[in-house]
Amino acid sequence: MEVIICKDYAELSKKAAEIFTEQINNKPDSILGLATGSTPEGLYENLIQTYKAGKLTFKDITSFNLDEYYGLSGDDDQSYRYFMDQKLFNHVDINKDKTFVPDGLAKDINAFMDDYEKMIADKGGIDLQILGIGINGHIGFNEPSDSFSKKTSLVDLTPSTIEANSRFFDKYEDVPKKAISMGIGTIMRSRKIILMASGENKQDAIYGAVKGPISPKLSASVLQLHPDVTIIVDEAAGKKLL
Ligand code: PGA
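Residues numbered from 1 in each chain as written. Predicted model: local features only at pLDDT ≥ 70, side-chain atom pairs only at ≥ 80, totals over all residues. Heavy atoms only, no water.

## Thoughts on the overall build of the chain
Phase 1 of the analysis: Scanning the chain from N- to C-terminus turns up 7 helices and 10 strands.
Phase 2 of the analysis: The C-alpha radius of gyration computed for the chain amounts to 17 Å, which stays within 12% of the reference 18 Å derived for 242 residues, consistent with globular compactness.
Phase 3 of the analysis: Judged by the C-alpha coordinates and their principal axes, the chain covers about 45 × 40 × 35 Å.
Phase 4 of the analysis: Residues counted as buried form 54% of the 242 residues belonging to the chain.
Phase 5 of the analysis: Within the chain, residue pairs in contact and separated by at least 24 positions form 78% of the contacts whose partners lie at least 6 positions apart.
Phase 6 of the analysis: Entry remark: accessible area of the chain is about 10,900 Å², with carbon and sulfur atoms responsible for 49%.
Phase 7 of the analysis: Across the chain, 28 positive and 36 negative side-chain charges occur, with their mean positions spaced 3 Å apart. (Helix = DSSP H or I, 4+ residues; strand = E, 2+ residues; numbered from the N terminus. Rg over C-alpha atoms; globule rule 2.2 N^0.38 Å. Buried < 20%, exposed > 50% of the residue type's maximum accessible area, 1.4 Å probe, protein only. Contact = heavy atoms within 4.5 Å. Areas by Shrake-Rupley, 256 points an atom, 1.4 Å probe, with all protein chains shown as cover. Lys, Arg positive; Asp, Glu negative; His and termini not counted. Charge placed at Lys NZ, Arg CZ, Asp CG, Glu CD.)

If you want it as structure tokens, here you go:
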């Protein structure tokens, strides 16, 4: 596990974008694992700039998103499909037919989740996965638990995650209480992983991920077992590692 401590959010976003750009330029048909939330927004802005500068193309890229709120349609402006369209896909030359985000309205949810796993495997697996981290150490929506989830599942969000997510909603009651999330097994099968974190409220989660015992009580700690993980944090999130 490599840990890179950057001065601030702008620097960590740029660093993550450099790794993405190198990945895509080395393998233009890469399979990317993408994430939503505040943390990767700067990464996506940098990638859009690099694309606009003519130094990057997404035309042969396939992407799979980590998670989606259960019960929301992709047209809902709170859905992660909507986020990805707004923050990245609408601004680059990616073929949207090759961008996959879990379907929050899937009728047969279990069949859908099995298909999602199978689709990732059939495409050859994820080359580069980007992760944020929750204040409780979750990656994707793999909340603190007694065991690591093997595959994409429907999860109950914990009160701390619902509270954290509520900043994006007008009313607390509107915050979804369930989500579809890639499992820890799914994430760990990615060939390369970057985890980004910014801000003091992530310092305990980052410390646990890097130095803590490997435990499903803090999902990100499992990354200590992965052969190719880079943790990119700003000084505030990396405070306890300094
Ligand atoms: P954030 O969310 O990037 O909005 O902080 C990260 C997460 O909960 O995984």
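Picking up where we left off.
## A look at the sheet that holds strand β4 (residues 67-69)
Remark on secondary structure: sheet strands pair via backbone hydrogen bonds, oriented parallel or antiparallel.
Phase 1 of the analysis: If you trace the 3 strands from one edge of the open sheet to the other, you get β4-β8-β7, paired in antiparallel fashion. Sheet topology places β4 and β7 (153-156) at the edges, where each strand pairs with a single neighbour. Taking the axes of each pair of neighbouring strands and ignoring which way they run, one obtains an average angle of 30° across the sheet.
Phase 2 of the analysis: Looking at chain direction, β4 and strand β8 (residues 178-181) are connected through 3 bridges and run antiparallel. By the bridge assignment, Tyr69 is partnered in β8 with Ala179. (Pairing = 2+ DSSP bridges. Axes fitted to C-alpha atoms, helices over the stretch in contact; angles between N-to-C directions.)

## Considerations on a nonpolar patch on the surface
Phase 1 of the analysis: On the surface, Met1, Val3, Ile5 and Leu242 cluster together into a nonpolar patch covering about 350 Å² of accessible area.
Phase 2 of the analysis: Position of Leu242 relative to the elements: it lies in the segment after β10 (229-234).
Phase 3 of the analysis: Owing to a relative accessible area of 71%, Leu242 belongs among the exposed residues under this scheme. (Patch = residues over 30% accessible without salt bridge, like charges linked within 9 Å, V, L, I, M, F, W, Y side chains within 5 Å. Salt bridge = Lys/Arg side-chain N within 4 Å of Asp/Glu carboxyl O.)

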